[in-house]
Every structure is written in structure tokens, then in C-alpha cells.
Number of protein chains: 2
Amino acid sequence: MIEVAVLGFGVVGSGIVEVLDKNSAEITRNAGQEIRVKYILDMRDFPGSPYERLLVKDFGIIERDPGVSIVVEAIGGAGQAFDFARRTLSAGKSLVTSNKELVAERGYELLQLAGEKGVNFLFEAAVGGGIPVIRPVAQCLSANKISEIYGILNGTTNYILSEMEKNGAEFSAALADAQKKGYAEQDPTADIEGTDACRKICILSSLAFGKHIYPDFVPAEGITGVTRDDMQFAGSLGYRIKLLGRARAVQDKIAAYVAPHLVSFDNILSGVSGVTNGVTVRGNASGDIVLVGAGAGKLPTASAAVADVIDAVKHMYAKKQISWQNGDKSDTVAPSVLESSWYIRTNAERSKIEREFGEVVFAESAPGATAFKTAVMSGKKVNDILARGINALSLFRVMGDY
Amino acid sequence: MIEVAVLGFGVVGSGIVEVLDKNSAEITRNAGQEIRVKYILDMRDFPGSPYERLLVKDFGIIERDPGVSIVVEAIGGAGQAFDFARRTLSAGKSLVTSNKELVAERGYELLQLAGEKGVNFLFEAAVGGGIPVIRPVAQCLSANKISEIYGILNGTTNYILSEMEKNGAEFSAALADAQKKGYAEQDPTADIEGTDACRKICILSSLAFGKHIYPDFVPAEGITGVTRDDMQFAGSLGYRIKLLGRARAVQDKIAAYVAPHLVSFDNILSGVSGVTNGVTVRGNASGDIVLVGAGAGKLPTASAAVADVIDAVKHMYAKKQISWQNGDKSDTVAPSVLESSWYIRTNAERSKIEREFGEVVFAESAPGATAFKTAVMSGKKVNDILARGINALSLFRVMGDY
């Protein structure tokens, strides 16, 4: 029997305890032995909870108990969670986390420490909730040179964009609706400004390319600038607007960023709507692999975290070899070097647009606004042309094979 | 350094050798050591091939060489391939295969033998080509009770159906086109009759539910009965026609089969077109996970097989615990117990249809044919009603949440 401790008894933490309980038959079969929750760390009291007797407030109890071999961190943030994570690994226990901020900010350090201590540090739940992403990239595509990874990595913004498209709502109304339904937090900044997606593309990028890409290196643009008109114009051109996190190899460097993109109706990710997430990985042998599913939520996230616990049990004496080197800003290049078509909404005259951009495709026009798709060019070039007196009300990259 | 032997130097076998060569830097980094092909077994000669010096015709050389720790089988079929597979494992070597027939027919025996010998038997490439499917089901969803798994498991038939829809072609013309382009074999029976998809759903079903489901237990209907009219009628109802392999838990038994289905435009799999494959797995914690990518082809298949080789290297002394029990016919139930809506094309009168079926949804009508979607009922019930004098020219299940 393996004894685990769960740190944090919020949505994810309680989901992990619930899944371990509810699916114990399957879990025991797959892990080869029973997995039991010995402690739940939380500063709050949960009177009447069936797990009340497991609750502790002092991490030291867990840290010092040699019976606990795996700790599951579900506190969030990179402050106290980092301290507990570090102490868990230092104590020779394996660590499982669903905390993307922790992995994006301190992943390299923690992987190093896990390596030194010969224990596992696993974080399938930190990206894409219940979708298998970390393992497919780390293991299933291990025979590939990965050239690119991109995806819909945030359910809140995808829900808002889907509602804007479906109901012709403006951003502010769709956000209010998402908040009412519990899909967006009262302070939605981290979601709508792209911070959350940025952390996730950092993790995927580090994994795919072998160097830690920190959020500081990765420019993130959210969805607050996407309008109902943009949705309609994009639709008339054959695209949906999706917030993508993207990382692409450019020679021996990485161009990584988060921004709204036009995604073709032919691309599987254009059909990923609502709170669902989707990730595309491009390997030189596998071609494009697309992974789709619930990107957040209590049980899907718990499903991924418990799968990591099972994997840690099965590899108790043979560390899973996820690792990457440290990285710095010089490992990245600005995304403006990447070429693509661009979507531009403007109030400039069509004749002026055609004079400056040459051949373009205009969206079905509406009174007072013009939108078009450019030929393929770098971000730098499109900005140079716009500087000649075209005022871009919206400027989004068109995702495609360039 | 690890030395491997590749059995069969056809499309897949040569792809495996090519990927091991071309991506050797990534593979060495991920495996933790160099992987070298020592032998290639093939009865044919390949004069001038850069690998000519590795070619052998006697399996005994590989079997007796203690330096070879992993054998990759890419011969196909369950005859000689089974003999070599058995001898590989008996000799204490790990076995990797892309051969779905071998795994579907003899998987249980080979897994047992691998278990006894303490070596790995891995077959990620046997289902879904380059798409990570086996590992996500076996590992990433290991914390789940899986209730259902279904997917587009055959690229040839998906290409034919996609062409029929896109170009309004009849089946025979689309098949001829697929043969011309190399997507269908000159004898296309195994693909178009559903035999290939059947083997793959057997493997997925065995993995998801823990008992070997043999192809003999699984009724397979191919796509020869799908017409251009069906495509159009389905489209007017909001569906695409896809050949699905499907396995669903019914109490403690499994209903597994292969048949054409109507798949809603809202379902990610409806957007999986051409030779691409897609698989949906439904876990009680994860929800629906969809995995999409190249389901066949030299490099994608090789990508999956080489990932298995890397995994075998990393687990040289800690066997990967894929396993399932043996199964027999009594572990399955006929798919006719499953309820769903049904699509029916007929020349019966609308009044007769409404009298017998009650409320139905008619497709946009065309001269001389009527098509409609029924309420939700079992396959047994739909056949009972049809027996009252409605001649079904086509009868397909509608995929959905029932």
C-alpha cells in the first residue's frame, strides 16, 4: 500500500481525493497496489467532511512522515506551494502537481532537485486539465524532432470567444455571462490577458524543446481586443478566432507567444469550442497530432493528477526521466520573425490598403469598417506597412502552414 | 548502447530504420543512450541500400544474439510474425510491433509470455499509426473507469467517405480514386469491409476494459453500403457519415462493433477527414478525450514504433505493466442492445414511416427516396419496427450521448 498526502483541499484537491476513492478498484489494478490518502493539508476546517480526520495544518507532519512517499500539490501559486514542493522532494518523496504557475516559474529547479533525490516530479494536470499532453509529448513523440506546438490552452477565454461567435455578443457581455456561469473568476485578468495560457505554453515549450522557457520571455496578448465584428469578418473569410499559445523552433531558438489567431475551419482546433482545450504537436515523423478534451474542472484535472500518482507508484524505484535544461532569454526570438498571413480590421480606404499591401482578401464588408487578410509576411513587415498610415483596429495572425 | 533488430524491411520497417537514423540526436537524448540497428530481417535483397550490410534472412541469428535486446516486428499478419514474436519474447528480448492483426489475435498470449519473461511487449503503432492512443489509454486515463471508446480507425475508408462527401462521388468511384492515389490497396477488402478497424477496436477494447476481445466476437460492417444520397441526407440532418469502431461497457460486459455512423457536426470526429484517424475515450473523471492524427503511413507509424523502442530502453529493468486477462464470447453482448437514434433511407411512404416509428425527423427529400432519423431506441427495436414492412435501403446508427 502506498500512502499519499494531498496539499490543498479546494476544487482540485478535493477532486483528487474523490477520484482516489471512487475509482479505487481501477486505480489499485493499474498501480499494482492500493493507494491511500493519509493526510490532507489545508488551513481551513471542514467540519462534517468525511475526510475530516485526515486534515492537518502543519506541513511538517507530512514532511517528517516516512510512510508518505508521494505528495500531491494542489494549492496553486509559486509561493508557499514552491516551499512545500522543494521540501517534499528534499525529503525524498515524489511530487505530483496541477500547478502551472509553479512548473512554469520553477520547473527547472524542481526537476533538478527531483533528479538529485532520485524521485519523480510529474505534472500532467498542469497543462490541459484532463487531456493527456505532457506524456504524449514526452514519451509518445520521443522519436520526433518537434518543430511546433500550439493550442487552445485556456477554457475561460475559449468559452468567451465561442459565446461571442455563437450569440453575436460583445466581449464584455460574454465575460459577464462566463462569470455568472462560474467559467470565469471575479478577477478574470489571468485568463483574459493570456497569463494562464502563457504559463502553459512555457511548460509545453520547455518539454518539447528541452530548455526552460520562462513566462518573462514570452509575450502574451489576451482577448480583450477581439470584437464581435472581428468574429463575423473572420467567419466570412473561413476562420474562427481562437486564443492560441504557440511555440515554434526557429533554427536553434524558440519563438513563443500567446495571442488571438484566425484558425481555419479545416483545422481541428477551430471545432474546439466552449471550455474545451486542444493542443497540436508537430513532429517530423508523426506529423500533426491533436489532443482535445476538458482543459480544467475538478474531476478532469484530478484524473490527470491521479494518473501521475499511479505512474509515480509504478516508478517508485525507477525515476521517470522528464527533464530539461535551464534556459534564458537568449534561447528565444521575438515572434515577429515568424511569417504568416494577417487579419487586419481598419477604417482605411480599400484603395490605400491595396496600394500598401498589394494582393489581399477582403472580408464581407460592413458599414464603417473594412477587414482583410494579407499575403504571407513576418510580423515585422506587417508593422512596417501599417506604419505607412493604415490604422489597425485589430491585427491578428492567421494560423497556417508557412 | 542498445542494439535492436527490425523484422521486415517494407514500408513500416524501412520507416523505423529511417527515423532511428534521422532523429538519432533526439532519440539518444530521450532514451538516455544510443540505439543502433544491428540486423534487418527480410527475405528480399536490397542491393545498393545503405543498410545492405545489416540484412539477414535467418531469424535464428537475431534470436541467438545476446547483444540484441529489442526486436521490432514489422512483417504483418499473425502467421510467421507470431512465430517470431513468440521466439523473441522467449529469448528474453523485448518486442515492439506495429502489427494490429498480431495484437488483436494473439495479444493476450504474448502479454502473458512477456510477463513471464520480465520483458516489454509494446504496440503503440498498432492502433492509430502515429497518434498516441495506447499510452494515453493505459497510463493517462489510468485513474478512470472507462465507459466507452470509439473512433475513426481506418484511413482508407475515411478518405473514401470524405471524397464521397466533398465531391458527391459514389463509393466505387471514390474507391478507384483512393487506389490510384495509393490510399487503398488493389485488394481493398480488409479496409472497406471493416476488418482492419475491427482489429483496432479489439485492441483498444482489451486495453480499456481489461479483457481480451477477439475479432471473432466483434461484428464488422464496412462502407460498401454507403451511398452519395446517404451523405447528402445525413448532411441535411447535421451529420457526416464516418466508419466507427466502438466499444462500450454494458454492465460488466462489452458491446463492440464496427459500422458506419452518423456523426454530428458538433463532434470533433466529424471534422477528421481524409486519411486522418481520431479516437474518443470517455472516462468517468476525465470526460471525453479526443486524439487525432495520421493513422497510417511510413513515418507516423515508425514514429510510434520508435517511441516504444525508447520506452523499452528506459524500462529495460522495470517491465511496463500493460496487461489484460483473457476473454471469451461471454464477455461481450450484441451491439443491438445499445440505444441510439437511427438513420434510415427507404422508399416507404412518409405516412407509413410516421405510423410505425412515431416522431421522426425527415432529411431534405429527394425524388424517389426518403431518409429520416428516429427517436432513441435499441437496434433490436428498430429492426422489429422495420419488419412491419419498411424496407431500409440504408440503416446507420446516429452517434450521440444516450
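Shown above is the structure to which this text applies.
A short tour of the structure in this document, coming up. (Residues numbered from 1 in each chain as written. Chains lettered and ligands numbered in written order. Predicted model: local features only at pLDDT ≥ 70, side-chain atom pairs only at ≥ 80, totals over all residues. Heavy atoms only, no water.)

Observations concerning the environment of Pro219(A)
Residues and elements named next belong to chain A. Using the following cut-off: A helix here means a DSSP run of H or I that spans at least four residues, while a strand means a run of E at least two residues long, and both kinds are numbered starting from the N terminus. Between two residues, a contact is recorded if the distance between any of their heavy atoms is within 4.5 Å.
Residue placement: Pro219 occurs in the loop between α10 (195–209) and α11 (228–237). A sequence separation of 76 residues divides Pro219 from Gly295, and the C-alpha atoms of the two residues are 22 Å apart. The residues contacting Pro219, other than those within four sequence positions of it, are Ala256, Tyr257, Val258 and Pro335.

Structural notes on the side chain of Glu26(B)
So the rule is basically this: Burial classes follow relative accessibility: with a 1.4 Å probe on protein chains only, a residue under 20% of its type's maximum area counts as buried, one over 50% as exposed, and anything between as partly exposed.
Mapped onto the elements of the fold, Glu26(B) is located in helix α2 (residues 24–31). A relative accessible area of 15% places Glu26(B) in the buried class. Setting aside chain neighbours within four positions, we find Glu26(B) in contact with Ser142(A), Asn144(A) and Lys145(A).

Description of the interface of chain B and chain A
Test applied: Summed over both partners, the accessible surface that disappears when two parts come together, traced with a 1.4 Å probe, is what is meant by buried area. Think of a salt bridge as a Lys or Arg side-chain nitrogen and an Asp or Glu carboxyl oxygen that are within 4 Å of each other. Identification of polar contacts relies on pairs of N or O atoms within 3.5 Å, with a donor-acceptor requirement for protein atoms, meaning one able to donate a hydrogen and the other able to accept it, and with residues adjacent in sequence counted only if both atoms are side-chain atoms. Think of it as three bins: nonpolar holds Ala, Val, Leu, Ile, Met, Phe, Trp, Tyr, Cys and Pro, charged holds Asp, Glu, Lys and Arg, and polar takes everything else, Gly as well.
In this assembly, 45 residues from chain B lie in contact with 47 residues from chain A. Carbon and sulfur atoms supply 53% of the area that chain B and chain A bury against each other, a total of about 3700 Å² over both sides. Run the count over chain B and chain A and you get 2 salt bridges. Where chain B packs against chain A, one counts 13 residue pairs in polar contact (both at pLDDT 80 or more). Broken down by secondary-structure element, the contributors of at least two residues to the side of chain B that touches chain A are α1 (11–22), α2, α6 (134–140), β11 (287–294) and α12 (298–314) of chain B. With 8 residues, α12(B) is the single largest residue contributor to the side of chain B that touches chain A. Taken together, the residues of the side of chain B that touches chain A break down into 21 nonpolar, 14 polar and 10 charged.

Structural notes on the relation of the copies chain B and chain A
Look at the two chain copies: a rotation about an axis and a shift along it is all it takes to match them. Put simply, the test is: In superposing the copies, a least-squares fit is computed on C-alpha atoms, taking residues whose pLDDT is at least 70 in both.
For the pair chain B and chain A, the superposition axis carries a translation of 0.0 Å, the fit reaches an RMSD of 0.0 Å, and the rotation angle comes to 180°. These values place the two chain copies in the arrangement generated by a two-fold rotation axis. Scanning chain B for the C-alpha nearest the rotation axis identifies Leu291(B), at a separation of 2.4 Å.

What about the packing of helix α5 (residues 100–117) of chain B against helix α10 (residues 195–209) of chain B?
Residue and element names in this part refer to chain B. Put simply, the rule is: The convention used is that axes are lines fitted to C-alpha atoms, helices contributing only their stretch in contact, and that angles between N-to-C directions extend from 0 to 180 degrees. Angle categories: roughly parallel below 35 degrees, roughly antiparallel above 145, roughly perpendicular from 65 to 115, and oblique for all the rest. By definition, any crossing whose near helix is turned counterclockwise from its far helix by less than a right angle is left-handed, and any crossing with a clockwise turn is right-handed.
For the pair α5 and α10, the least separation of the axes is 9 Å and the interaxial angle reads 50°. The orientation of α5 relative to α10 falls into the category oblique. By crossing handedness, the relation of α5 to α10 is classed as left-handed. On the side of α5, the interface is formed by Lys100, Glu101, Val103 and Ala104, while α10 contributes Asp196, Arg199, Lys200, Cys202 and Ile203. Looking at side-chain class alone, the contact of α5 with α10 contains 4 nonpolar, no polar and 5 charged residues.

A word on the pattern of salt bridges
Residue and element names in this part refer to chain A. According to the stated counting rule, one finds 61 salt bridges over all chains in the structure shown. Lys298 is the partner of Glu18 in a salt bridge, and the nearest nitrogen-oxygen pair spans 3.5 Å. On the criterion of sequence distance, the pair formed by Glu18 in helix α1 (residues 11–22) and Lys298 in helix α12 (residues 298–314) is long-range, its members being 280 residues apart. Judged by its relative accessible area of 28%, Glu18 is partly exposed. We note a salt bridge from Glu170 to Arg228, for which the minimum N-O separation is 3.7 Å. With Glu170 in the loop between α7 (155–167) and α8 (171–180) and Arg228 in helix α11, this residue pair connects regions lying 58 residues apart in the sequence. Classification of Glu170 as partly exposed rests on a relative accessible area of 31%. The class for Arg228 is partly exposed, based on a relative accessible area of 35%. Several salt bridges share partner residues, and in doing so they unite Glu3, Arg36, Lys38 and Asp65 into one network.

Side note on the sheet that holds strand β6 (residues 121–122) of chain A
All names here are of chain A. Rules: Strand pairing is assigned whenever DSSP detects at least two bridges linking the two strands.
The parallel open sheet is built from 6 strands, whose spatial order is β3-β2-β1-β4-β5-β6. Two strands bound the open sheet, and with one partner strand each, they are β3 (55–56) and β6. Relative to strand β1 (residues 2–7), α1 is tilted by about 155°, and along the sheet it contacts β1, β2 (35–41) and β4 (68–73). On the sheet, helix α4 (residues 80–90) packs against β1, β2, β4 and β5 (94–97) and is oriented at approximately 150° with respect to β5.

Comments concerning the nonpolar core
Put simply, the rule is: In these notes, a set of buried Ala, Val, Leu, Ile, Met, Phe, Trp, Tyr and Cys residues joined through side-chain atoms within 4.5 Å is what counts as a nonpolar core.
Of all hydrophobic cores here, the largest spans 218 residues; its most connected members are Ile35(A), Phe123(A), Ile149(A), Ile35(B), Phe123(B) and Ile149(B). Judged by nonpolar contacts, the second largest core, of 20 residues, contains Val263(A), Val272(A), Tyr150(B) and Met399(B).

Examining α7(A)
Residue and element names in this part refer to chain A. Filter applied, for reference: In this scheme, a helix's expected span is set at 1.5 Å multiplied by one less than its residue total.
Taking 1.5 Å per residue, 13 residues should reach 18 Å; α7 reaches 18 Å between its end C-alpha atoms and fits that length. The buried fraction of α7 is high, at 10 of 13 residues. Looking at the buried positions of α7, the neighbouring elements they touch are β7 (146–152), α8, α9 (189–192), α11, β8 (239–250) and β10 (276–283). For α7, the N-terminal capping position is held by Asn154, with its side-chain oxygen 3.2 Å away from the main-chain nitrogen of Thr156. Where α7 ends, the next residue or the one after it, Gly168, has phi of about 60°, a positive value.

Structural notes on the packing of aromatic side chains
Condition: Working definition: a ring pair exists when centres of Phe, Tyr or Trp rings (six-membered ring for Trp) sit within 6.5 Å. Plane angles under 30 degrees give stacked, over 60 give edge-to-face, the rest tilted. Lysine and arginine charges are scored as sitting over a ring when NZ or CZ, respectively, is within 6 Å of the ring centre and within 35 degrees of the ring normal.
Evaluated as defined, the whole model comprises 20 aromatic pairs over all chains. A ring pair is formed by Phe9(A) and Tyr51(A), whose centres lie 6.3 Å apart and whose planes are at 80°; its orientation type is edge-to-face. With Phe9(A) in the loop between β1 and α1 and Tyr51(A) in the loop between β2 and β3, the pair connects residues that are 42 residues apart, well separated along the chain. Tyr51(A) carries the same exposure label as Phe9(A), and that label is buried. Sitting over the face of the ring of Phe82(B), Arg106(B) holds its NZ or CZ atom 3.7 Å from the ring centroid.

Considerations on unusual backbone geometry
Residue and element names in this part refer to chain A. Of note in the backbone geometry, Gln251 takes a positive phi value of approximately 50° without being a glycine. In this fold, Gln251 is placed in the loop between β8 and β9 (253–264). Overall, Gln251 belongs to the exposed group, its relative accessible area being 75%.

Looking at the sheet that holds strand β1 (residues 2–7) of chain B
All names here are of chain B. If you walk across this open sheet you meet the 6 strands as β3-β2-β1-β4-β5-β6, and the pairing is parallel. Looking at the sheet topology across the chains shown, the edges are occupied by β3 (55–56) and β6 (121–122). Bridge count between β1 and strand β4 (residues 68–73): 5 bridges; the pairing is parallel. Within β4, the residue paired with Val6 across the bridge is Val72. Across the face of the sheet, helix α4 (residues 80–90) comes into contact with β1, β2 (35–41), β4 and β5 (94–97) while running at roughly 150° to β5.

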